[in-house]
Amino acid sequence: MSVTITKSKKKRPSWHKLNVSRIRHLTADSVEVTLHVPEELRPAFAFQSGQHLTFQRLAPDGTEIRRSYSIASTPAELERDGSLRMGIKSIPTGSFSNFANRQLTEGETLEVMPPMGHFTTDFESGKHYASVVAGSGITPIISIATTALETGATVTLLYSNRSAETVMYDAELRELKETFGDRLRLHHIRTREETDHPLLSGRLTPDRMRDIFREKLIDPDGIDEWFLCGPYELVLGVKEVIEETRSAEIHTELYYVD
């Protein structure tokens, strides 16, 4: 008797057309794009905080452009009203980010693939989550922090920007602080401005991170899981310092603007 064994084929994610329901300016060079997901597609777009969406479009010269952007909204928002929000920071030569910031309009349709990514966890009440993030890396972190806080956890966030004017999601962070009080411990670093604390002015180098730990501005012993999101040098440098202090789960995401 012969037996033929066939491997089950894993269904590939497919592209869907979603309407842009809102475009909101966050800073001089960044916008938040909100997509509306119709009810019949919401199961396909169910996600965990920290995941991203992939977009595709044709450039004027016919070149196919694909870019991925992290989701800033929470799973609860998708379930409640079908909203998916992404923060997109522009650079002058960015093929998609420049389009999103300067040309994309409300009512347009974008081709989007369902959420993917492993920059997430199962959030638990009573745990303490910490994040070190720079610039537009705040996009997945605002979703992660909101979900963790709503779950009953504590969140520490160290957020590096050039100046107060370049802080994406500043209003949302203030609102989270007002809502959750001491369960959100928010520290802003300014690389080109003075702050009230000397350790929070200047570039976030590994040595500065060691000093932050040494002076207990953040106590690494109380952190259950870390989320690091930003450019390569920052993420890898901070990860090394955390690993010197104690054993804790560390999630990393390298961020690029394009």
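Scroll up for the structure.
We now turn to the structure provided with this report. Here the structure is a predicted model, which is why all the values come from computation and not from measurement. (Residues numbered from 1 in each chain as written. Predicted model: local features only at pLDDT ≥ 70, side-chain atom pairs only at ≥ 80, totals over all residues. Heavy atoms only, no water.)

1. Describing the side chain of Thr-121
1) Next: Of note, Thr-121 is situated in the loop between strand E6 (109-116) and strand E7 (128-134).
2) Next: Its relative accessible area of 13% is what places Thr-121 among the buried residues.
3) Next: Ignoring sequence-local partners within four residues, the contact set of Thr-121 consists of Gln-48, Tyr-129, Glu-225, Phe-227 and His-251. (Helix = DSSP H or I, 4+ residues; strand = E, 2+ residues; numbered from the N terminus. Buried < 20%, exposed > 50% of the residue type's maximum accessible area, 1.4 Å probe, protein only. Contact = heavy atoms within 4.5 Å.)

2. Some points on the layout of surface pockets
1) Next: Quantified by volume, the largest pocket comes out at close to 470 Å³.
2) Next: Lining the largest pocket we find 23 residues, and of these Ala-134, Gly-135, Ser-160, Pro-231 and Leu-234 sit closest to its centre.
3) Next: Sorting the residues of the lining of the largest pocket by element identifies strand E8 (154-161) and helix H6 (232-245) as the ones contributing at least two each.
4) Next: With three residues, H6 is the single largest residue contributor to the lining of the largest pocket.
5) Next: Around the second largest pocket, the lining is made up of 15 residues, and of these Glu-77, Arg-85, Thr-146, Glu-150 and Leu-176 lie nearest the centre. (1 Å grid on protein atoms, 1.4 Å probe; cavity = no way out; pocket = protein on both sides within 12 Å on 5 of 7 lines; lining within 4 Å. Points joined across faces, edges and corners; volume = space filled by probe spheres on them.)

3. Thoughts on the packing of aromatic side chains
1) Next: Counting across every chain of the model gives eight aromatic pairs.
2) Next: When the centroid spacing of 5.7 Å and the interplanar angle of 70° are considered together, the rings of Phe-96 and Phe-99 count as edge-to-face.
3) Next: Residue Phe-99 is classed as buried on the basis of its relative accessible area of 9%.
4) Next: Over the ring of Phe-99 we find Arg-57; its NZ or CZ atom is 3.7 Å from the centre of that ring. (Phe/Tyr/Trp six-rings, centres within 6.5 Å; stacked < 30°, edge-to-face > 60°. Lys NZ or Arg CZ within 6 Å of the ring centre and 35° of its normal.)

4. So, the sheet that holds strand E10 (residues 225-230)
1) Next: In space, the five strands of this open sheet follow the order E9-E8-E7-E10-E11, with parallel pairing throughout. Pairing within the sheet leaves two strands with one partner each, and these edge strands are strand E9 (184-190) and strand E11 (249-254). Within this sheet the neighbouring strands show an average axis-to-axis angle of 10°, counted without direction.
2) Next: Across seven bridges, the pairing between E7 and E8 is parallel. Considered in E8, the bridge of Ala-130 is made with Thr-156. (Pairing = 2+ DSSP bridges. Axes fitted to C-alpha atoms, helices over the stretch in contact; angles between N-to-C directions.)

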